[in-house]
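Below, each chain spelled out in residue letters.
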Amino acid sequence: TTSSIRNVSADSAVELPTVNFTADRFEGDGMWIAQLIVECGLAKSTSDARRLVQGNAVSIDGEKITDVKYTLTSANVKAKFLLKTGKKNFKQVVIA
C-alpha cells in the first residue's frame, strides 16, 4: 500500500531493490548525485536526474537533496542507505 511505501527505510525488514557499489567509487572526488541516480536505474539520464533534484524529488534516508552539485563521498555517506526519487521509486544502496 502507499502508506507502507512511504515508511520504507534502509533498515526495514522489507526486501528492497538493492544496488551494490564498491567503496572506491566514493573515494577522492566521490560520486555526483545525478550519476548515482542514473546508475541505480532511477533516471534515464543525468539531465533527468538533475531535474528530479531541482524538483525536490530526491532524498537519501529521508533527507531531501536540493543541490544538483551534491557529491557523495566516503566521508558523508553510510555503508547502506535508501535513495528515493519521487513517492514510489527507491533503491537501497549498499557500499562494500
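The structure we're discussing is the one just above.
Residues numbered from 1 in each chain as written. Predicted model: local features only at pLDDT ≥ 70, side-chain atom pairs only at ≥ 80, totals over all residues. Heavy atoms only, no water.

Student: Looking at this structure, I do not really get the overall build of the protein chain. What am I missing?
Tutor: Along the protein chain, the regular secondary structure elements total three helices and seven strands. Across the protein chain, every contact between residues at least 6 apart in sequence was considered, and the portion connecting residues at least 24 apart equals 52%. (Helix = DSSP H or I, 4+ residues; strand = E, 2+ residues; numbered from the N terminus. Contact = heavy atoms within 4.5 Å.)

Student: Please clarify how the pairing of strand E6 (residues 80-85) should be interpreted in this entry.
Tutor: A regular strand places its side chains so that they alternate between the two faces of the sheet. Counted residue by residue, E6 has five buried out of six residues, so it is predominantly covered. Bridge analysis of strand E3 (residues 58-60) against E6 gives three bridges, and the strand direction is antiparallel. Bridge pairing in E6 places Ile 60 opposite Leu 83. As defined by bridge partners, E6 adjoins strand E7 (residues 89-95) across six bridges and the pair is classed as antiparallel. When the bridges of E7 are listed, Leu 82 appears paired with Gln 92. Between E6 and E7, which follow one another and run antiparallel, lie three residues, and Gly 86 among them has a positive phi close to 75°. (Buried < 20%, exposed > 50% of the residue type's maximum accessible area, 1.4 Å probe, protein only. Pairing = 2+ DSSP bridges.)

Student: Teacher, can you tell me more about the side chain of Thr 85 here?
Tutor: Among the structural elements, Thr 85 can be located in strand E6. Setting aside anything within four residues of it in sequence, one finds Thr 85 in contact with Ile 37, Leu 42, Leu 52, Ala 57 and Val 58.

Student: In this structure, what is going on with the sheet that holds strand E1 (residues 18-21)? I would like to understand it.
Tutor: The pairing of strands in a sheet comes from backbone hydrogen bonds and takes either a parallel or an antiparallel form. The strand order across the open sheet built from five strands is E1-E7-E6-E3-E4, with neighbouring strands paired in mixed fashion. Where the open sheet ends on each side, the last strands, each with one partner, are E1 and strand E4 (63-64).

Student: Even after reading the chapter, I still don't get the pairing of E7, so can you show me in this structure?
Tutor: Of the pairings in the sheet, the one linking E1 to E7 comprises four bridges and is parallel in character. Each bridged residue has a counterpart across the sheet, and for Val 19 the counterpart in E7 is Val 93.

Student: How should I be thinking about the environment of Gly 41 in this particular structure?
Tutor: Here Gly 41 shows up in the loop between helix H2 (33-39) and helix H3 (46-54). Here Gly 41 falls in the exposed class, since its relative accessible area comes to 56%. The sequence separation of Gly 41 and Val 19 amounts to 22 residues, and the corresponding C-alpha distance is 9.1 Å.

Student: Is there a simple way to explain the side chain of Ser 59 in this structure?
Tutor: Within the secondary structure, Ser 59 is located in strand E3. Once residues lying within four places of it in the same chain are set aside, the contact partners of Ser 59 are Lys 64, Ile 65, Leu 82, Leu 83 and Lys 84.

Student: Please explain unusual backbone geometry as it appears in this structure.
Tutor: Backbone geometry follows two general trends: most residues other than glycine have a negative phi, and most peptide bonds adopt the trans configuration. The phi dihedral of Asn 56 falls on the positive side, at around 55°, and the residue is not glycine. Following the sequence through the fold, Asn 56 ends up in the loop between H3 and E3. One non-glycine residue, Asp 61, lies in the positive phi region at around 50°. Following the sequence through the fold, Asp 61 ends up in the loop between E3 and E4. Looking at Asp 61, the relative accessible area reads 33%, which means it is partly exposed.

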